[in-house]
Amino acid sequence: GPLDPPAGPIASTNKTLQDIEPRTPIVREAGVIEIRNPGSYYLTEDLFPSEDAIRILTGGVTLDLNGFAVRGPGDAEPFARGIDVLTSSANEPVVITNGIVTGFPEGGIRSTSGTTELVVRDVNVYDCGVGVRALVPSRIERSNASNNSSAGVFLSVESVLRDCASCDNQGAGF
């Protein structure tokens with residue numbers, strides 16, 4: 001075809017990232033952060049909760065830790081959980097990517113019922129109770145679990161681990 005540009009002013013056809021993939025920032029708040037609506041969310045800074053950090057209450061959620069850490073209270077709060085996926089009956093997966101979860105004695109990332117699928121990708125979980133506990137079908141990819149006081153990764157039988165490492169946990173690695 002012809003290589004001549006069309007006549008008239010040239011207008012941008014570019015779209016912003018927000019136009020292509022709308023995302024909601026998560027900022028530090030007092031108390032537990034609850035995600036109640038499907039969508040894409042991301043951290044804007046490290047989080048330092050004094051109890052549980054994030055509860056995901058619906059499917060269809062992507063949580064990008066954006067390279068930041070969710071740093072729990074450690075032994076000061078023995079039942080603290082990092083990221084707790086508590087969906088009752090979700091058809092869409094919950095995806096957690098790209099960051100660190102540490103310092104949660106009850107568990108780093110947990111999904112015990114309801115979710116169709118939990119996907120954890122490029123996440124390091126350490127110094128927690130169980131690093132990643134998922135009693136639903138899950139995919140854990142390019143992630144690490146270390147120095148946890150129980151199992152590094154505890155998954156249902158329908159789950160897949162790919163390119164993961166688990167070491168120096170008090171319980172089983174996988």
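Reading the values: the criteria
Residues numbered from 1 in each chain as written. Predicted model: local features only at pLDDT ≥ 70, side-chain atom pairs only at ≥ 80, totals over all residues. Heavy atoms only, no water. pLDDT = per-residue confidence, 0-100. Helix = DSSP H or I, 4+ residues; strand = E, 2+ residues; numbered from the N terminus. Pairing = 2+ DSSP bridges. Axes fitted to C-alpha atoms, helices over the stretch in contact; angles between N-to-C directions.

### Brief notes about the confidence of the model for the protein
Looking at the protein, pLDDT values average 90 and 93% of them are 70 or higher. The least confident element of the protein, judged by mean pLDDT, is helix H1 (residues 17–20) at 66; the most confident is strand E13 (residues 144–146) at 98.

### Brief notes about the sheet that holds strand E4 (residues 54–56)
Here six strands make up an open sheet; going across it, the order is E2-E4-E7-E9-E11-E14 and the pairing parallel. One side of each edge strand has no neighbouring strand; the edge strands of this open sheet are strand E2 (33–35) and strand E14 (153–155). The mean inter-strand angle of the sheet, taken between neighbouring strand axes irrespective of direction, is 10°. In this sheet, strand E9 (residues 107–111) lies alongside strand E7 (residues 81–85) in parallel orientation, the contact comprising four bridges. Bridge pairing in E9 links Arg-81 to Gly-107.

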